[in-house]
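Working through the structure, step by step
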Number of protein chains: 2
Amino acid sequence: MEKVDGRRARGDQSRRAVLDRAMQLASTDGLEGLSIGRLAGEVDASKSGVAALFGSKEQLQLATVEAARTLFVATVIEPVREHPRGLRRVVALVRAWLDYSAGRVFEGGCFFLAASAELDSRPGPVRDAIARAIADRDSYFVRTINQAIDAGELPGCDDAEQLAFELTSLVETANSRSLISGSSVPYDRAARAAAARLTACGADPRVLASAGLR
Amino acid sequence: MEKVDGRRARGDQSRRAVLDRAMQLASTDGLEGLSIGRLAGEVDASKSGVAALFGSKEQLQLATVEAARTLFVATVIEPVREHPRGLRRVVALVRAWLDYSAGRVFEGGCFFLAASAELDSRPGPVRDAIARAIADRDSYFVRTINQAIDAGELPGCDDAEQLAFELTSLVETANSRSLISGSSVPYDRAARAAAARLTACGADPRVLASAGLR
């Protein structure tokens, strides 16, 4: 058993090493640029070893999307969940999402925005996995805003989906404009606009300021 | 001379045919997916013929970016310029840009959003051409908003760059969310948010309604 567990542990470690590199490569060169052979070269492993871990190119792409989703949850969603439900959690989410993009967790910025732009016109399981990850993230944002509405902390807002769309727009455009222009100003513009939008909804300015949204 | 002119006319026609197909391919499969050989196959021409028209892959990519820029100007900017300067031109621009994206002039949605997501992390002349085209478009939007501010038609707005960033965010996120979800709802959300933002700046609701922004 020990021998088998040792082998499995090494397999998990190799898998993680390949996926870490795969996420970075996909964020800069696209998911279509991934291949078993290229990844094997990148992590100094044999092609047959990487093929044994992932099977096909499509399975490698799907595993990479799943790894990016897990990383987003660990980096953004889990820390945000430590804030109390309501407006505090909404502003924590906007701030954490801006920081995740600005901090270049992925060299190519937000993994899902890049993946969505790359694959939105190419039907298939990988596109579907990206669409699902984005839809789940959007749903989490809507639920978080609804909790703030239910708590009476956004009295001027009666459409959580609309507000989620608008705040998401700001974060995603800050990501894309910052990447193409090489400037961090778009993040400041996004934070300012998010603060103004939430203030117009009747949000407590002190809560906004606590997350640096002003 | 006639013979030479005839040859030149045929050359221009071939060039346009190749670029039309190149723009569509780039919008779905990316600018990196373009090659002289692939384009030759797509438009039923010889590889040497296409190579004679464009030279290298990079020159083909640069010509494709330039063609997409020209098409955006012809489809969006030129018709907008027929509206009087000021708020009317601002709302005409938002409406024309949404329509250009929703109308899928390119199968893969907004050419420049896809190109920016693909190449933002890959330094070189093609990335620089995309960055310049986006910066020029942003500048035009800012100038158009400033004309409305100068005309006293947006009394609640004193920062044209900030407003341009916010309106651009709405249009671009409508584009990407519509492509990945297959729904047109994001365009409605963007139009509603743009109307609310301009109303908050003191815009005349009748002018907004004239462009279907409400």
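Conventions we followed
Residues numbered from 1 in each chain as written. Chains lettered and ligands numbered in written order. Predicted model: local features only at pLDDT ≥ 70, side-chain atom pairs only at ≥ 80, totals over all residues. Heavy atoms only, no water. Least-squares fit on C-alpha atoms with pLDDT ≥ 70 in both. Contact = heavy atoms within 4.5 Å. Buried area = accessible area lost by both parts, 1.4 Å probe. Salt bridge = Lys/Arg side-chain N within 4 Å of Asp/Glu carboxyl O. Helix = DSSP H or I, 4+ residues; strand = E, 2+ residues; numbered from the N terminus. Buried < 20%, exposed > 50% of the residue type's maximum accessible area, 1.4 Å probe, protein only. Expected span 1.5 Å × (residues − 1). Polar contact = N/O pair within 3.5 Å; in protein donor to acceptor, adjacent residues only side chain to side chain. Axes fitted to C-alpha atoms, helices over the stretch in contact; angles between N-to-C directions. Parallel < 35°, antiparallel > 145°, perpendicular 65-115°, else oblique. Left-handed = near helix turned anticlockwise from the far one by under 90°. Nonpolar A, V, L, I, M, F, W, Y, C, P; charged D, E, K, R; others polar.

Screw-axis analysis of chain B against chain A gives a translation of 0.0 Å along the axis, an RMSD of 0.0 Å, and a rotation angle of 180°. Such a combination of rotation and displacement between the chain copies is what one expects of a two-fold axis. Proximity to the rotation axis, assessed at the C-alpha, singles out Ser169(B) in chain B; its C-alpha lies 2.6 Å from the axis. In this assembly, 100% of the residues forming the interface of chain B have copies in chain A that are likewise at the interface, indicating an isologous arrangement.

Turning our attention to the interface of chain B and chain A. Listed as interface residues are 38 residues of chain B and, on the opposing side, 38 residues of chain A. Around 3100 Å² of area is buried between chain B and chain A when both sides are counted, 51% of it from carbon and sulfur atoms. Per-residue buried area on chain B facing chain A is highest for Phe165(B), Arg177(B) and Ile180(B); these three make up 23% of the total on that side. At the junction of chain B and chain A, the tally comes to 12 salt bridges. With its nearest N and O atoms 3.0 Å apart, the salt bridge here joins Glu172(A) to Arg177(B).

Turning our attention to the environment of Ala160(A). Residue and element names in this part refer to chain A. Within the secondary structure, Ala-160 sits in helix 8 (residues 160-181). For Ala-160, a relative accessible area of 5% corresponds to the buried category. Separated by 18 residues in sequence, Ala-160 and Val-142 have C-alpha atoms that sit 5.5 Å apart. Among all residues touching Ala-160, those that are not within four sequence positions of it are Val-142, Ile-145, Asn-146 and Ile-149.

Our focus in this paragraph is helix 8 (residues 160-181) of chain B. Residues and elements named next belong to chain B. With 22 residues, helix 8 should cover 32 Å at 1.5 Å per step; its first-to-last C-alpha distance of 31 Å lies within 8% of that length. Burial analysis of helix 8 places 20 of its 22 residues in the buried class, the great majority of the element. Where helix 8 begins, one side-chain oxygen reaches toward the backbone nitrogen of Glu-161, 3.3 Å away; that side chain belongs to Asp-159. Within two residues after helix 8, Gly-182 carries a phi angle of roughly 75°, on the positive side.

Our focus in this paragraph is helix 5 (residues 87-102) of chain A. Residue and element names in this part refer to chain A. The end-to-end C-alpha distance of helix 5 is 23 Å, a good match for the 22 Å that 16 residues give at a rise of 1.5 Å each. The element helix 5 is largely enclosed, with a buried count of 12 among its 16 residues. Among the residues of helix 5, Leu-87, Arg-89, Val-90, Val-91, Ala-92, Leu-93, Val-94, Ala-96, Trp-97, Leu-98, Tyr-100 and Ser-101 are the ones counted as buried. Summarising the contacts, the buried residues of helix 5 are in contact with helix 4 (57-81), helix 6 (111-119), helix 7 (125-150), helix 8, helix 9 (185-200) and helix 10 (205-210). Note on helix 5: the residue one or two positions beyond its end, Arg-104, has a positive phi of about 50°.

The full count for this structure, using the stated rule, is 34 salt bridges over all chains. Between Arg95(A) and Asp99(A) there is a salt bridge; the shortest N-O distance is 3.2 Å. Placement of both Arg95(A) and Asp99(A) in helix 5 is noted, with a separation of 4 residues, approximately one turn of the helix. Relative accessible area serves as the criterion here: at 40%, Asp99(A) is assigned to the partly exposed category. Three or more residues are tied together by salt bridges with common partners; here these are Asp29(A), Arg38(A), Glu32(B), Lys57(B) and Arg122(B).

This part is about the packing of helix 7 of chain A against helix 8 of chain B. Put simply, helix 7 of chain A and helix 8 of chain B touch, their axes get as near as 9 Å, and they point 125° apart. As the angle between them shows, helix 7 of chain A and helix 8 of chain B are arranged oblique. Considering how the two elements wind past one another, helix 7 of chain A and helix 8 of chain B form a crossing that is left-handed. Facing helix 7 of chain A, whose interface residues are Arg127(A), Ile130(A), Ala131(A), Ile134(A) and Asp138(A), helix 8 of chain B presents Arg177(B), Leu179(B), Ile180(B) and Ser181(B). Classifying every residue of the contact of helix 7 of chain A with helix 8 of chain B by side-chain character gives 5 nonpolar, 1 polar and 3 charged.

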